[in-house]
Amino acid sequence: MCTSDVFAVVSFDQDEDGYRLQVYSAESVPLFGPPLPSLGLFRDHVGFRELLLAKLMNGEKAAYGTPIFKDKRERTLDLLIRNLERDYDAMMAPRRSLLILPETLSPRIQRRKVQAKVTEFQQIGQDLKLKKIMKGDHPTSLQTSSPFKKDPWEPQLLCQELFPHDIICGDSWGDQVVIASSDGVFVLYEDHYYPLINKMVTVQQLSVCESRGLMVFRGGNGNATGE
């Protein structure tokens, strides 16, 4: 092996039936392995071959770290990167000519674009409002004001097989249900119900706050709270 900074000399000693290896390097080359024995004699031919290959590859890598090779490598990489950048710019030039960046638009054109978007959103909102009116879901719809149209807050009874009284409102309380009826307030648990408030108080609306252990209800003659 011979570079400008590293030299390797191999000779065969017939008397010893072995190889001798001597490696010389410049002062700027850092140390590299594997280390050589003091006499530099190798009687194991196979082992010497492996050591020689490792020594040569490590010497080449070490030589690349010297200032001369380092500067040349950096200049070569810089030239390659510049060539890639120039080729990329040449390829993208026709595409950039077709692009119009928002920064290049005049303020007048930008205002027109914004106004066009606002008009489009207003038109979409008016169409949605018209559809809701036609379906009767809008407050201004004639179908909403019809006597046959239920208010959104009006309760709907789905099943009344376990409770014989007329239900006004109710709420869940853990695994139980609190039900307000015309005959008082009851607690429904599985298939049994128990009185909670007698019919002297007509409860129109109630809400249970389980985290506080409270039941808040609104009576027919005013507001009241219970716990």
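Since the model is a prediction, treat every value here as computed from it, not as a measurement. Residue positions within a chain follow its written sequence, with the count starting from 1. Totals for whole chains, interfaces and linings use all residues, but because this is a predicted model, local features are given only for residues with pLDDT of at least 70 and pairs of side-chain atoms are given and counted only at 80 or more. Only hydrogens and water are removed before side-chain values are computed, so all heavy atoms of the structure are retained for them.

### Examining the overall build of the protein
Under the scheme used here, helices are H or I runs from DSSP no shorter than 4 residues and strands are E runs no shorter than 2 residues, and both carry numbers assigned from the N terminus. Helix and strand counts for the protein stand at three helices and ten strands. In the protein, the succession of helices and strands from N to C terminus is β-β-β-α-α-α-β-β-β-β-β-β-β. Using a 1.4 Å probe on the protein chains alone, a residue whose accessible area is under 20% of its type maximum counts as buried, one over 50% counts as exposed, and one in between counts as partly exposed. Residue burial in the protein is summarised as follows: out of 227 residues, 19% are buried. Residue contacts follow a heavy-atom distance rule, with two residues in contact if any of their heavy atoms lie within 4.5 Å. In the protein, the share of contacts with a sequence separation of at least 24, taken over all contacts with a separation of at least 6, comes to 29%. All accessibility values rest on the Shrake-Rupley procedure with a 1.4 Å probe; residue burial counts only the protein chains present in the view. Here the protein displays about 18100 Å² of accessible surface, and carbon together with sulfur accounts for 57% of that area.

### Comments concerning the sheet that holds strand β5 (residues 176-181)
Adjacent strands of a sheet pair through backbone hydrogen bonds, lying either parallel or antiparallel. If DSSP finds at least two bridges between two strands, the strands pair. The four strands are arranged β4-β5-β6-β7 in an open sheet whose pairing can be described as antiparallel. The open sheet has two edge strands with one neighbour each: β4 (167-173) and β7 (192-197). Sheet twist, expressed as the mean angle between neighbouring strand axes with direction ignored, is 25 degrees. Of the pairings in the sheet, the one linking strand β6 (residues 184-189) to β7 comprises five bridges and is antiparallel in character. Looking across to β7, one finds that F186 is bridged to P195. Inter-axis angles, ranging from 0 to 180 degrees, are taken between N-to-C directions of lines fitted to C-alpha atoms, where helices are fitted over the stretch in contact.

### What about unusual backbone geometry?
The general pattern is negative phi for most residues beyond glycine and trans for most peptide bonds. Note the cis peptide between G33 and P34, where omega equals 0 degrees. One can find P34 in the loop between β2 (18-25) and β3 (41-42). Of note in this structure, D17 is not a glycine but carries a positive phi near 55 degrees. Mapped onto the elements of the fold, D17 is located in the loop between β1 (6-13) and β2.

### Some details on the nonpolar core
Note on terminology: a nonpolar core comprises buried Ala, Val, Leu, Ile, Met, Phe, Trp, Tyr and Cys residues joined through side-chain atoms within 4.5 Å. Judged by nonpolar contacts, C169, V178, A180, V185, I197, V203, L206, V208, M215 and F217 together constitute the single largest core of ten residues. Looking at this core, the elements with two or more residues in it are β5, β8 (203-209) and β9 (214-219). Among the elements that make up this core, the one with the highest residue count is β8 (three residues).

### Points about the environment of H45
Within the secondary structure, H45 is located in helix α1 (residues 45-64). For the pair H45 and Y19, spaced 26 residues apart in the sequence, the C-alpha separation amounts to 7.5 Å. Here H45 is in contact with F12, D17, G18 and Y19, once residues within four sequence places are set aside. Whenever two N or O atoms come within 3.5 Å, that pair is a polar contact, provided that in protein one can donate a hydrogen and the other can accept it, and provided that, for residues adjacent in sequence, both atoms are side-chain atoms. Separated by 3.3 Å, the side chain of H45 and the backbone oxygen of D17 make a polar contact.

### Here we look at α1
Given the number of residues in a helix, its expected span is that number minus one, multiplied by 1.5 Å. For α1, which comprises 20 residues, the first-to-last C-alpha distance of 29 Å matches the rise-based estimate of 28 Å (1.5 Å per residue) to within 8%. At the N-terminal end of α1, a side-chain oxygen is found 3.4 Å from the backbone nitrogen of V46, two or three residues along, and the residue is D44.

### Observations concerning the sheet that holds β3
Across the sheet, which stays open at both edges, the three strands sit in the order β1-β2-β3 with antiparallel pairing between neighbours. This sheet does not close on itself; its edge strands, each paired only once, are β1 and β3. In the sheet, β1 pairs with β2 via eight bridges, with the strands oriented antiparallel. Residue pairing across strands places V6 opposite S25, the latter belonging to β2.

### Concerning the pattern of salt bridges
Salt bridges are defined as contacts in which a side-chain nitrogen from Lys or Arg sits within 4 Å of a carboxyl oxygen from Asp or Glu. The tally for this structure, following the rule as stated, stands at three salt bridges. Taking the shortest distance from any N to any O, the salt bridge between R43 and E16 comes out at 2.5 Å. Of this pair, R43 sits in the loop between β3 and α1 while E16 sits in the loop between β1 and β2, and the two are 27 residues apart along the sequence. Looking at R43, the relative accessible area reads 53%, which means it is exposed. Across the salt bridge formed by R82 and D78, the nearest N and O atoms sit 2.9 Å from each other. In this pair, R82 and D78 both sit in helix α2 (residues 67-98), four residues apart, roughly one turn of the helix.

### Focus on the packing of aromatic side chains
Stacked, tilted and edge-to-face are the three classes assigned to paired rings of Phe, Tyr and Trp, where Trp is represented by its six-membered ring and a pair needs centres within 6.5 Å; plane angles under 30 degrees give stacked, over 60 edge-to-face, the rest tilted. The full count for this structure, using the stated rule, is four aromatic pairs. With centroids separated by 5.0 Å and ring planes inclined at 40 degrees, the aromatic side chains of F42 and F48 adopt a geometry described as tilted. Take F42: its relative accessible area is 11%, and that puts it in the buried class. For F48, a relative accessible area of 5% gives the class buried. Through a chain of ring-to-ring contacts, three or more aromatic side chains come together here, namely F12, Y19, F42 and F48.

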